[in-house]
Amino acid sequence: MYSVRMRSRRHSQHHSGAERLVPSDGVEQVAAAMIRRALHHSRGQAETIELVIDELDSEQIEYAVLPDVQTWQVSDFQQGRRAAAELLCSLGVSPTAVETAFADIIRGAAPNGGNMRGAMLVDADSGGRLEPDPARGVRVSRMDLSAEARRELSRVLQQQNLDREPVREALVLAAKVRMASGIVAELCWSDDPDYTAGYVASPQRGYVRFPTLKPLGDQRGGRAFFVRVDPRSLSVLMDFLQQRPVLFDRIGHLLPPRVWRENSS
Ligand code: PML
Ligand code: MG
């Protein structure tokens, strides 16, 4: 197995990225598809593309199951944000931490006001930012679906018209994040101007998606990982997210969508 990773930049800012784990005979095709993505992106054409290909020790690979998926329907992005905030609080994230994370993603969480390349780490109680490099954040790496799980996931997501790359990719990333010890929940919405969806993922409630968490055309987006860890264990958490290869070979359930109502969850 090889880990194939791409990240691209445009105007000195993060532009796009992708992560796959593939057998050696799939490396060329996957690498070409990543380059194509960076050159034909809704954020414009990449100026710099970095591709890193590493052989993995197959004994290091952990096999795991994807979370359940449910869409909570909301009427607009403001209601989506209220629903996501309420869910995060019910998962044990403090209101202060929720507010900080929303404000940071809305404003552009990197110090220059741009999007971060990776995720911010937010203390689930104090709301303090914990990632060592606030421009880079934590880039979750080395995770993918097995070929069979990929086919099965596509078949199941089709039932709700969700079999799209952003959904599959975000689900795989969130699935790895929730496995890390110390993670309470994750909040994400897309940085693609034409993709407004986002989600809250957690060990307890799986992957809850909201069709809209931002206005159409907005370039801002990103991820916050809410954590509750001993500061000395932070490097273990980051090491797992960035280094440990995880292959999802089983999928979870696709639950029927629910309509979210104010003060109902
Ligand atoms: C992204 O594309 O950057 C993240 C997408 C998050 C939402 C995916 C979904 O529709 O479930
Ligand atoms: Mg994106």
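Structural notes, computed from the coordinates.

Conventions used here
Residues numbered from 1 in each chain as written. Chains lettered and ligands numbered in written order. Predicted model: local features only at pLDDT ≥ 70, side-chain atom pairs only at ≥ 80, totals over all residues. Heavy atoms only, no water. Helix = DSSP H or I, 4+ residues; strand = E, 2+ residues; numbered from the N terminus. Rg over C-alpha atoms; globule rule 2.2 N^0.38 Å. Buried < 20%, exposed > 50% of the residue type's maximum accessible area, 1.4 Å probe, protein only. Patch = residues over 30% accessible without salt bridge, like charges linked within 9 Å, V, L, I, M, F, W, Y side chains within 5 Å. Areas by Shrake-Rupley, 256 points an atom, 1.4 Å probe, with all protein chains shown as cover. Salt bridge = Lys/Arg side-chain N within 4 Å of Asp/Glu carboxyl O. Near = heavy atom within 4 Å. Polar contact = N/O pair within 3.5 Å; in protein donor to acceptor, adjacent residues only side chain to side chain. Axes fitted to C-alpha atoms, helices over the stretch in contact; angles between N-to-C directions. Parallel < 35°, antiparallel > 145°, perpendicular 65-115°, else oblique. Left-handed = near helix turned anticlockwise from the far one by under 90°. Contact = heavy atoms within 4.5 Å. Nonpolar A, V, L, I, M, F, W, Y, C, P; charged D, E, K, R; others polar. Pairing = 2+ DSSP bridges.

Looking only at helices and strands, the protein chain features 6 helices and 13 strands. Its C-alpha atoms give the protein chain a radius of gyration of 17 Å, within 12% of the compact-globule value 18 Å for 265 residues. Counting only C-alpha atoms and orienting by the principal axes, one finds that the protein chain spans roughly 50 × 40 × 40 Å. In the protein chain, which comprises 265 residues, the proportion classed as buried is 51%.

Another aspect to go through is a nonpolar patch on the surface. Together, Ile35, Leu39, Ile49, Leu51 and Ile53 make up an exposed nonpolar region whose accessible area comes to about 340 Å². Broken down by element, the nonpolar patch gets its largest block of residues, 3 residues, from strand β3 (residues 48-55). Within the secondary structure, Leu39 is located in helix α1 (residues 27-39). Since its relative accessible area comes to 33%, Leu39 is described here as partly exposed.

The environment of ligand 1 is made up of Pro166, Val167, Ala170, Cys188, Ser190, Tyr195, Ala197, Gly198, Tyr199, Tyr207 and Arg209. Ser190 is positioned with one of its side-chain polar atoms (N or O) 3.3 Å from an oxygen atom of ligand 1. Between ligand 1 and the protein, one listed contact pairs an oxygen atom with a side-chain N or O atom of Tyr207 at 2.7 Å. In the complex, 90% of the free accessible area of ligand 1, which totals 340 Å², lies under the protein chains. Elements with a minimum of two residues in the shell around ligand 1: α5 (165-177), β9 (198-202) and β10 (206-210). Here the shell around ligand 1 gets 3 residues from one element, more than from any other, and that element is α5.

Now for the packing of helix α4 (residues 147-158) against α5. α5 packs onto α4 with a crossing angle of 120° between their chain directions and a minimal axis gap of 11 Å. For the element pair α4 / α5, the angle class is oblique. When you trace α4 past α5, the crossing you get is right-handed. Here Arg150, Leu153, Ser154 and Leu157 of α4 come into contact with α5, specifically with Val167, Arg168 and Leu171. Of the residues that constitute the contact of α4 with α5, the class distribution is 4 nonpolar, 1 polar and 2 charged.

What follows covers the sheet that holds strand β1 (residues 2-10). Taken together, 3 strands build an open sheet; the order of strands is β2-β1-β3 and the sheet is antiparallel. Two strands lie at the open edges of the sheet, namely β2 (13-22) and β3, each paired on one side alone. On average, each strand axis in the sheet is tilted by 10° relative to the strand beside it, whichever way the strands run. Strand direction decides the pairing type here: β1 and β2, joined by 9 bridges, are antiparallel. For Met6, the partnering residue across the bridge sits in β2 and is Ala18. Relative to the sheet, α1 contacts β1, β2 and β3, its axis offset from that of β2 by approximately 165°.

Take the pattern of salt bridges next. The full count for this structure, using the stated rule, is 20 salt bridges. A salt bridge links Arg37 to Glu169, with the shortest nitrogen-to-oxygen separation between them at 2.4 Å. Here Glu169 lies in helix α5 and Arg37 lies in helix α1, a separation of 132 residues in the sequence. Under the relative-accessibility criterion, Glu169 is labelled partly exposed at 31%. The partner of Arg244 in a salt bridge is Glu62, and the shortest N-O contact between them spans 3.3 Å. In this pair, Arg244 sits in the loop between α6 (234-243) and β12 (246-250) while Glu62 sits in strand β4 (residues 62-65), placing the two residues 182 residues apart along the sequence.

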